Amino acid sequence: MENVAQKNYEKWLTSECVSESDKETLRAMSSADIDDAFFQNIKFGTAGMRGVLGPGTNRINSFTIRKACVGFGLYLLKHYPFPQSCVISHDNRYFSREFTLESAEILNKMGINTFIFDSLRPTPELSYAVRAKKASGGIMITASHNPKSDNGFKVYDEFGCQLVPEKIKDLLDIIAGLGDELTLVVPEADKKGENFILPKSIDDNYVDLCKSVQVNPDLDKKDFKIVYTPNHGTSYVNAMRVFHECGYEVYPVLLQCNPDPAFSGTLSPNPEDPRSYIEPIKLAKKVDADIICMTDPDGDRVGLACKDGKGDYILITGNEGAAILLDYIIKERKRKDEMPSDPVVYNTVVSSALGREICDHYGVKCESFLTGFKFIGDRIHHYEVNGGPQFIFGYEESYGCLIKPFVRDKDGIQAILLYCEAALRYKKHGLTLYEAYEKLGETYGQHKAKLYNIYFKGSSGQEEMNAIMKGLESNPFKELCCYKVKVIENYFNLTRYNLDTKESSTIENLPHGDLIKFIFEDRSSICVRPSGTEPKCKFYIEVVDETLTKADERCDKFYKELLAVLKIEK
């Protein structure tokens, strides 16, 4: 059998197109490095193309960026009327500005006009700018919350939404037909496109729209303190403007406010990682802050921490934060008679069941989609065009949500503003955000949802992940930790099987996906899916119990036994 990785490696090593410095990097690679860098062409996953910077077909570099950009340019020329245009933005990472300028130059050669910012801007503002400029599409150069070694390339349609499967399929077909990334020639139009710097009014209008998400803007903000960090990313300027213009007292983590690609002031830029809270908690203790909030490097995700009942700072997960905000939005909008007659909330099939239970309690429709905020953005557009329920909130378990759809992606600025408002209102009722979450448990049961990740690198890792998913599909377990499985949802073939009744039904209105979900007789659940952005398998486990402590412990027990069943050594 041909060794694809070795063949690709030797092609790069002998190519005149590859720089001598990159060749030095190639020569220093181990066999495992070669396999991981060259065993496949880097893929578009859940949120675009994302990976490690460096030479290789499975890496982010000028060659793979150029190929993706040419493909997207051809896609825009095929699907949108003349003159086509594209907004491009970027985060703080290594080569992000260079890739932005290179992408603009490529699209201009192809006859497409481009709009870029004068410096880095967050993903949600990119989405807004696409809509504001009525552009044909958008590109965001970012690796989101990935490690500093990574970068990426996300693409957006004319509505500021990431391309859904039926749209991205054509793009992938176009890219697949472009051939060798090393020798690819950019097709040139007779009339070149122009590149424009976006005006400051885009920033101003976006900030004003973010401020409009407040439900109770006139709350007295005296003696309420916020600690905020942008994790060296894109949101510092916008966040500080929003906080100050809304009257909040905010303390930025200065060590993490500069757009540093080395992320020198934090051990992790990922809000899901407890290490990202070390410096913010230090500052919070110093100033006695009521809430800690953070945005990830490209500004679409949010991290939260607040005091528990004992005065210690405790982290709030994406599922917990979303449940708090969902309940707050519905209650407050109902109280103020501002709820639409037919409201709808969107989440994902791996989100905590608590969100749907809250919606059911208030009589609000809830729709769930596969992982990827593009499905939520696309559904918002669908109902706007065809009529239907009115959007009031959308969220993913992965620390991202949207309050108002003037953007069509997760929006960290909208989120932190409303989280702080909710924390302020609960403080006036003698509760922290975490205590507010515990109060929800008195009505719905104490929900604890935890995410566990295992990395599988290179071709062998990909094969192992594929084997795990195939094994779960062909031979699913029926019991775990003495709890029986009641329902198995197989998103590979979109079937739902009830083990009690032995009846099978179709999962409707969703595309196929790499996901299997097990729902137990006691309301617990386990979802397993490969990540669409990193070489890892994700295990989503949720338990409902009398206390959060018991639920947390049972999550860990489920995970330990699941690894044994799957024969995974960790």
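Refer to the structure presented above.
The structure displayed is predicted, hence computed values, not measured ones.

Undergrad: Please explain the overall build of the protein chain as it appears in this structure.
TA: Along the protein chain, the regular secondary structure elements total 17 helices and 24 strands. Taking 2.2 N^0.38 as the reference for a compact globule, 570 residues should give roughly 25 Å; the C-alpha atoms of the protein chain span a radius of gyration of 24 Å, in line with that estimate. For the protein chain, the spread of C-alpha atoms along the three principal axes comes to 65 × 55 × 50 Å. The burial tally for the protein chain puts 60% of its 570 residues in the buried class. Sequence separation of 24 or more characterises 69% of the internal contacts of the protein chain that already satisfy a separation of 6 or more. For the protein chain, the exposed area adds up to about 23200 Å²; of that, 50% sits on carbon and sulfur atoms. With 72 positive and 84 negative side-chain charges, the protein chain shows a separation of 2 Å between the mean positions of the two kinds.

Undergrad: Teacher, can you tell me more about the pattern of salt bridges here?
TA: If charged atoms from side chains of opposite charge come close, those side chains can pair. For the coordinates displayed, the defined rule picks out 41 salt bridges. Of the charged contacts in the structure, one is a salt bridge between Asp 36 and Arg 59, with a shortest N-O distance of 3.1 Å. Here Asp 36 is found in helix α3 (residues 31–38), whereas its partner Arg 59 is found in the loop between β2 (48–52) and α4 (62–79), with 23 residues between them in sequence. For Lys 167, the salt bridge identified is with Asp 157, shortest N-O distance 2.8 Å. You can see Lys 167 sitting in helix α7 (residues 165–176) and its partner Asp 157 sitting in the loop between β6 (150–156) and α7, a full 10 residues away along the chain. Exposure remark for Asp 157: the relative accessible area of 3% places this residue in the buried category. Residues joined by salt bridges that share partners form a network here, namely Lys 154, Asp 298, Asp 300, Glu 396, Asp 409 and Lys 410.

Undergrad: Explain the nonpolar core here, please?
TA: One broad rule of soluble globular proteins: the nonpolar side chains tend to lie buried together. Of all hydrophobic cores here, the largest spans 95 residues; its most connected members are Val 87, Ile 226, Phe 243, Tyr 248, Leu 325, Phe 393 and Leu 433. It is helix α14 (residues 412–428) that provides the largest number of residues to this core, a total of 11 residues. Contact partners of Leu 433, with chain neighbours within four places excluded, come to Ile 291, Cys 306, Ile 316, Ile 324, Tyr 419, Ala 422, Ala 423 and Tyr 426. Within the second largest apolar cluster, 34 residues are counted, among which are Val 70, Ile 116, Ile 141 and Leu 163.

Undergrad: Honestly, empty space enclosed by the protein in this entry has me stumped. Any pointers?
TA: Within the structure shown, the criterion is met by 3 cavities of 30 Å³ or more. Empty space within the second largest cavity amounts to approximately 70 Å³. Lining the second largest cavity are 13 residues, and of these Val 302, Gly 318, Tyr 399, Gly 400 and Tyr 419 sit closest to its centre. For the lining of the second largest cavity, the secondary structure elements donating two or more residues are β11 (302–307), α11 (318–335), β15 (390–396) and β16 (400–402). Ranked by the residues each element gives to the lining of the second largest cavity, the list is headed by α11, at 3 residues. Of the residues contributing to the lining of the second largest cavity, the split by class is 8 nonpolar, 4 polar and 1 charged.

Undergrad: Help me understand the layout of surface pockets, please; the structure alone is not making it clear to me.
TA: To find leftover empty space, a probe the size of one water molecule is rolled over the atoms. Approximately 840 Å³ is the volume found for the second largest pocket. Taken together, 35 residues form the lining of the second largest pocket, with Val 349, Arg 356, Glu 367, Ser 368 and Phe 369 sitting closest to its centre. Elements supplying a minimum of two residues to the lining of the second largest pocket: α7, β13 (343–348), α12 (354–362), β14 (365–369), α13 (373–386) and β22 (516–520). Residue classes in the lining of the second largest pocket are distributed as 12 nonpolar, 10 polar and 13 charged.

Undergrad: Which parts of the structure should I look at to understand the pairing of strand β19 (residues 483–490)?
TA: Two faces, one strand: in a regular strand the side chains alternate between the faces of the sheet. Across 2 bridges, strand β18 (residues 479–480) lies against β19 in antiparallel orientation. By the bridge assignment, Glu 479 is partnered in β19 with Lys 484. Where β18 folds back onto β19 in an antiparallel hairpin, the turn is made up of 2 residues, including Cys 481, whose phi is positive at roughly 55 degrees. Looking at chain direction, β19 and β22 are connected through 5 bridges and run antiparallel.

Undergrad: Just to check I follow, could you spell out the packing of helix α1 (residues 4–14) against helix α2 (residues 20–27) for this structure?
TA: Each pair of packed helices can be described by the angle between their axes along with the distance between the axes. The contact between α1 and α2 brings their axes to 9 Å, and the two run at 145 degrees. The interaxial crossing formed by α1 with α2 has left-handed handedness. Mapping the contact onto sequence places Tyr 9, Trp 12, Leu 13 and Thr 14 in α1 and Lys 23, Leu 26 and Arg 27 in α2. Residue classes in the contact of α1 with α2 are distributed as 4 nonpolar, 1 polar and 2 charged.

Undergrad: Got a minute to help me understand the sheet that holds strand β10 (residues 291–295) in this structure?
TA: Across the sheet, 5 strands lie side by side as β9-β8-β10-β11-β12; this open sheet has mixed pairing. The open sheet has two edge strands, β9 (249–252) and β12 (313–316), and neither has a second partner. Across the sheet, the axes of successive neighbouring strands diverge by a mean angle of 25 degrees, strand direction being ignored. In this sheet, β12 lies alongside β11 in antiparallel orientation, the contact comprising 4 bridges. Residue pairing across strands places Ala 305 opposite Leu 315, the latter belonging to β12. Set on the sheet, α11 makes contact with β11 and β12; between it and β12 the angle comes to about 85 degrees.

Undergrad: I'm lost on the sheet that holds β2 in this one. Help?
TA: The strands making up a sheet associate through hydrogen bonds between their backbones, and the pairing can be parallel or antiparallel. Taking strand neighbours across the sheet as the criterion, the 7 strands line up as β1-β2-β6-β5-β3-β4-β7 in an open arrangement whose pairing is mixed. Looking at strand neighbours, the two that pair on one side only are β1 (44–45) and β7 (195–197), the edges of this open sheet. Of the pairings in the sheet, the one linking strand β3 (residues 85–90) to strand β5 (residues 137–141) comprises 5 bridges and is parallel in character. In the sheet register, Cys 86 faces β5, and the bridge partner there is Gly 137.

Undergrad: Whenever I open this one, the side chain of Arg 50 confuses me. Can you help?
TA: One can find Arg 50 in strand β2. Judged by its relative accessible area of 9%, Arg 50 is buried. Polar side-chain contacts of Arg 50 include one of 3.0 Å to the side chain of Asn 146. Beyond its immediate chain neighbours, meaning those up to four positions away, Arg 50 contacts Ile 42, Lys 43, Ile 60, Ala 143, Ser 144, His 145, Asn 146, Asn 151, Gly 152 and Thr 533.

Undergrad: What's the story with a negative patch on the surface in this structure? I'm lost.
TA: A grouping of Glu 479, Asp 500, Glu 521 and Glu 561 is seen on the molecular surface, where their side chains present a negatively charged patch. Relative to the helices and strands, Glu 561 is located in helix α17 (residues 548–566). Judged by relative accessible area, Glu 561 falls into the partly exposed class, the value being 33%.

Undergrad: What's the story with unusual backbone geometry in this structure? I'm lost.
TA: With an omega of -5 degrees, the peptide bond between Phe 82 and Pro 83 qualifies as cis. Along the chain, Pro 83 turns up in the loop between α4 and β3. Here Tyr 399, not a glycine, exhibits a phi torsion of approximately 70 degrees, which is positive. By the element assignment, Tyr 399 lies in the loop between β15 and β16.

What counts and what doesn't
- Residues numbered from 1 in each chain as written.
- Predicted model: local features only at pLDDT ≥ 70, side-chain atom pairs only at ≥ 80, totals over all residues.
- Heavy atoms only, no water.
- Helix = DSSP H or I, 4+ residues; strand = E, 2+ residues; numbered from the N terminus.
- Rg over C-alpha atoms; globule rule 2.2 N^0.38 Å.
- Buried < 20%, exposed > 50% of the residue type's maximum accessible area, 1.4 Å probe, protein only.
- Contact = heavy atoms within 4.5 Å.
- Areas by Shrake-Rupley, 256 points an atom, 1.4 Å probe, with all protein chains shown as cover.
- Lys, Arg positive; Asp, Glu negative; His and termini not counted.
- Charge placed at Lys NZ, Arg CZ, Asp CG, Glu CD.
- Salt bridge = Lys/Arg side-chain N within 4 Å of Asp/Glu carboxyl O.
- Core = buried A, V, L, I, M, F, W, Y, C linked by side-chain atoms within 4.5 Å.
- 1 Å grid on protein atoms, 1.4 Å probe; cavity = no way out; pocket = protein on both sides within 12 Å on 5 of 7 lines; lining within 4 Å.
- Points joined across faces, edges and corners; volume = space filled by probe spheres on them.
- Nonpolar A, V, L, I, M, F, W, Y, C, P; charged D, E, K, R; others polar.
- Pairing = 2+ DSSP bridges.
- Axes fitted to C-alpha atoms, helices over the stretch in contact; angles between N-to-C directions.
- Left-handed = near helix turned anticlockwise from the far one by under 90°.
- Polar contact = N/O pair within 3.5 Å; in protein donor to acceptor, adjacent residues only side chain to side chain.
- Patch = residues over 30% accessible without salt bridge, like charges linked within 9 Å, V, L, I, M, F, W, Y side chains within 5 Å.

Note that every value here comes from positions in space, so none of it alone points to a role or purpose.
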